[in-house]
Amino acid sequence: MSLFGKLKDKLFKSSSKLEEGLDAIVEDGGTEEQQPEAAPDPDPAPAPAPAAKPAPTPPVAKTPTAPAPAPKPAAQPDPAPTPTGPPPAENAGILGRLLGRQQGGTVVKRTLDDDMLEQLEELLIAADLGVDTALRVTANMAEGRFGKKLSTQEIKELLAQEVARIMEPVAKPLPLYAKKPQVVLVVGVNGSGKTTTIGKLASQFRAAGKKVVIAAGDTFRAAAVEQLQVWGDRAGVPVLTAPEGSDPASLAFDAMTRAQADGADLLLIDTAGRLQNRADLMEELAKIVRVIKKKDPDAPHNTLLVLDATTGQNAISQVETFQKLSDVSGLVMTKLDGTAKGGILVSLADRFGLPIHAIGVGEQIDDLAPFDPEDFAAALTGLGPK
Ligand SMILES: Nc1nc2c(ncn2[C@@H]2O[C@H](COP(=O)(O)OP(=O)(O)OP(=O)(O)O)[C@@H](O)[C@H]2O)c(=O)[nH]1
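Residues numbered from 1 in each chain as written. Predicted model: local features only at pLDDT ≥ 70, side-chain atom pairs only at ≥ 80, totals over all residues. Heavy atoms only, no water.

A.B. asks: What is the right way to read the sheet that holds strand 5 (residues 182-187) from this model?
C.D. replies: In any sheet, the strands associate via hydrogen bonds between backbone groups, in a parallel or an antiparallel arrangement. Strands sit in the order 7-6-8-5-9-10-11-12 across an open sheet of 8 strands; the sheet is mixed. Single-partner strands in this sheet number two, and they are strand 7 (239-240) and strand 12 (368-370). Relative to strand 7, strand 6 (residues 212-215) runs parallel, the two sharing 2 bridges. Looking at strand 7, one finds that I214 is bridged to V239. Its contacts with the sheet put helix 7 (residues 194-207) on strand 5, strand 6, strand 8 (266-270), strand 9 (302-308), strand 10 (330-334), strand 11 (356-360) and strand 12, and the angle it makes with strand 8 is roughly 170 degrees. (Pairing = 2+ DSSP bridges. Helix = DSSP H or I, 4+ residues; strand = E, 2+ residues; numbered from the N terminus. Contact = heavy atoms within 4.5 Å. Axes fitted to C-alpha atoms, helices over the stretch in contact; angles between N-to-C directions.)

And the structure:
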């Protein structure tokens, strides 16, 4: 299956929710319009591309200073469908339906007016885009189109364009530096998916030829340490641990020493996520940073905040909190599979502009994908792949 297919399959229930909402808005107050018959399409929608997307690559950047990740096999187009498909006439019907046209050459269109804009705003707010972003997106969609008749397909394309425009500047793979070891501190509330994400990252970096060390810095939870060890085993990466209740900073220091001695490329440090006692957590994170700076004044090179998409708008306050507790340099959004809250990512991008390095779309080791704004926008709005 193409990457988009997998993304759309796994990523969100939101697309169907938004899709249905958009359909309903256009139906409500829309009228059927006759399509010009057999004439060239006046506004051709992009034909479904022959799915020649590259295979998922690790969410890491290629920098001139860093050895490039192992090259992935060249992009393979999806196997072409065998010529058992429907005849051209039937194909045109399917395409017509995809384009929002009804059988019989008609399409429902609705005039973009205040009522429709208000319904769109409400739909986007309900899809977790947040009020400010929803208002801005709908205003941009309406610009130059007020009073014009639009079909669902046209609305979806406009929305996808706006979403992609917001997301493009933040879609940045984790930068890789020549500095060894590159220290990546991973923060986030308990249960957000830190451990799983570290396991997935470790596995992808290893597959890209990097030497990785993991430090199990949540020393207060034996279960968290054990879980990380399981992920480390799966990824084939050593996991440094310390006795339960011991000082995470001391473990981070030892891990740094080991990573340096081993010539590791990356050191991934897990941290505790207990927000119940914010002052303690702040002190704990600050101490880890102080200690590793003794070994490398530039460390940590990245502070990844892991967020759970299913928490919806709560992710906003988590970013605010962790920005106060640490020097967050980028985000990983987990659990985008099976949530109707994918829109939160748009809200976060619009509000904070923090790089989104990767997204989690499942519990398996390879369920961490680089963030692709166009695919995301298309999946969110219910369009086909770009
Ligand atoms: N569906 C889905 N589940 C995920 C994803 N990422 C993590 N999970 C699940 O979320 C749960 C919590 O993930 P953890 O990695 O343990 O989260 P954590 O932040 O390390 O949590 P603590 O160990 O409690 O600090 C686990 O059951 C994971 O399998 C994802 O992208 N999709």
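A.B. asks: It is not clear to me how the site of the ligand should be interpreted in this structure. Could you clarify?
C.D. replies: The environment of the ligand is formed by 19 residues, the closest being G191, T195, T196, D337 and E363. One nitrogen or oxygen atom from the side chain of Q227 is found 3.0 Å from an oxygen atom belonging to the ligand. For the ligand, the accessible surface in isolation is 650 Å², of which the surrounding protein chains cover 82%. Where the shell around the ligand is concerned, the elements lending two or more residues are helix 7 and helix 8 (222-235). Per-element accounting of the shell around the ligand gives the leading share, 4 residues, to helix 7. (Near = heavy atom within 4 Å. Polar contact = N/O pair within 3.5 Å; in protein donor to acceptor, adjacent residues only side chain to side chain. Areas by Shrake-Rupley, 256 points an atom, 1.4 Å probe, with all protein chains shown as cover.)

A.B. asks: I keep staring at the nonpolar core and nothing clicks. Help me out?
C.D. replies: Proteins that are soluble and globular tend to have nonpolar side chains buried together. Core analysis: the largest hydrophobic core is formed by 80 residues, its most contacted members being M167, L267, F322, M333, L345, L348 and I359. Here this core spans two domains, and each of domain 1 (1-33 + 87-171) and domain 2 (182-370) adds at least three residues to it. In this structure, L174, A202, F205 and A235 belong to the second largest nonpolar core, which totals 23 residues. (Core = buried A, V, L, I, M, F, W, Y, C linked by side-chain atoms within 4.5 Å. Buried < 20%, exposed > 50% of the residue type's maximum accessible area, 1.4 Å probe, protein only. Domains from an automatic or database assignment.)

A.B. asks: So what exactly am I meant to see when it comes to the packing of aromatic side chains here?
C.D. replies: Using the criterion set out here, one finds 1 aromatic pair in the structure. Its end group placed over the ring of W231, R234 keeps NZ or CZ at 4.4 Å from the ring centre. (Phe/Tyr/Trp six-rings, centres within 6.5 Å; stacked < 30°, edge-to-face > 60°. Lys NZ or Arg CZ within 6 Å of the ring centre and 35° of its normal.)

A.B. asks: Explain the pattern of salt bridges here, please?
C.D. replies: One side chain can pair with another of opposite charge once the charged atoms of both are near each other. Following the criterion strictly, the structure yields 16 salt bridges and no others. E284 is the partner of R274 in a salt bridge, and the nearest nitrogen-oxygen pair spans 3.2 Å. Here the residue R274 occupies a position in the loop between strand 8 and helix 10 (278-295), and E284 occupies one in helix 10, the gap between them amounting to 10 residues. We classify E284 as buried; its relative accessible area is 13%. Residue R351 is joined to E320 by a salt bridge in which the shortest nitrogen-to-oxygen separation is 3.3 Å. With R351 in helix 12 (residues 344-352) and E320 in helix 11 (residues 314-325), this pair connects stretches of sequence that are 31 residues apart. Under the relative-accessibility criterion, E320 is labelled partly exposed at 31%. Among the charged side chains, a network of salt bridges with common partners joins E19, D23 and K156. (Salt bridge = Lys/Arg side-chain N within 4 Å of Asp/Glu carboxyl O.)

A.B. asks: Help me understand the side chain of T138 in this model?
C.D. replies: The topology assignment puts T138 in helix 5 (residues 131-142). By relative accessible area, T138 is classed as buried at 1%. Look past the residues within four positions of T138 in its chain and what remains in contact with it is L117, L120, E121 and L124.

A.B. asks: Any chance you could explain the pairing of strand 5 here in plain terms?
C.D. replies: The buried count for strand 5 comes to 6 of 6 residues, which makes it a mostly enclosed element. Side chains Q182, V184 and V186 of strand 5 all project onto a buried face; the interleaved residues V183, L185 and V187 project onto the opposite face, where all are buried too. Two elements, strand 5 and strand 8, share 5 bridges in a ladder whose sense is parallel. Looking across to strand 8, one finds that L185 is bridged to I269. Where strand 5 lies against strand 9, 4 bridges are found, and the strand directions are parallel.

A.B. asks: Where do I start with the environment of I155 in this structure?
C.D. replies: With respect to the element layout, I155 can be found in helix 6 (residues 152-167). Its relative accessible area of 1% is what places I155 among the buried residues. For the pair I155 and D23, spaced 132 residues apart in sequence, the C-alpha separation works out to 9.3 Å. The residues touching I155, leaving out its near neighbours within four places in the chain, are L22, V26, M116, L120, M141 and L150.

A.B. asks: Looking at this structure, I do not really get the confidence of the model for the protein. What am I missing?
C.D. replies: Interpretation of this model should avoid reading the predicted coordinates in detail wherever pLDDT is low. Summing up the model confidence of the protein, the mean pLDDT is 81 and the portion of residues at 70 or higher is 77%. In the model, residues 39-57 has pLDDT below 50 throughout and makes 27 contacts with residues more than four positions away in sequence or in other chains. This stretch, residues 62-103, has a pLDDT under 50; its non-local contacts, to residues over four places away or in other chains, come to 43 contacts. (pLDDT = per-residue confidence, 0-100.)

A.B. asks: Explanation requested: a nonpolar patch on the surface in the structure shown.
C.D. replies: On the surface, a nonpolar cluster with roughly 230 Å² of combined accessible area is contributed by I125, V131 and L135. With respect to the element layout, L135 can be found in helix 5. Look at L135 and you get partly exposed, because its relative accessible area is 39%. (Patch = residues over 30% accessible without salt bridge, like charges linked within 9 Å, V, L, I, M, F, W, Y side chains within 5 Å.)

A.B. asks: What's the story with unusual backbone geometry in this structure? I'm lost.
C.D. replies: What you tend to see is this: most non-glycine residues have negative phi, and most peptide bonds are trans. Between K180 and P181 the backbone carries a cis peptide bond, its omega angle lying at -15 degrees. Structurally, the position occupied by P181 is in the loop between helix 6 and strand 5. Omega for the peptide link from A299 to P300 comes to -5 degrees, which places this bond in the cis form. Inspection of the secondary structure assignment puts P300 in the loop between helix 10 and strand 9.

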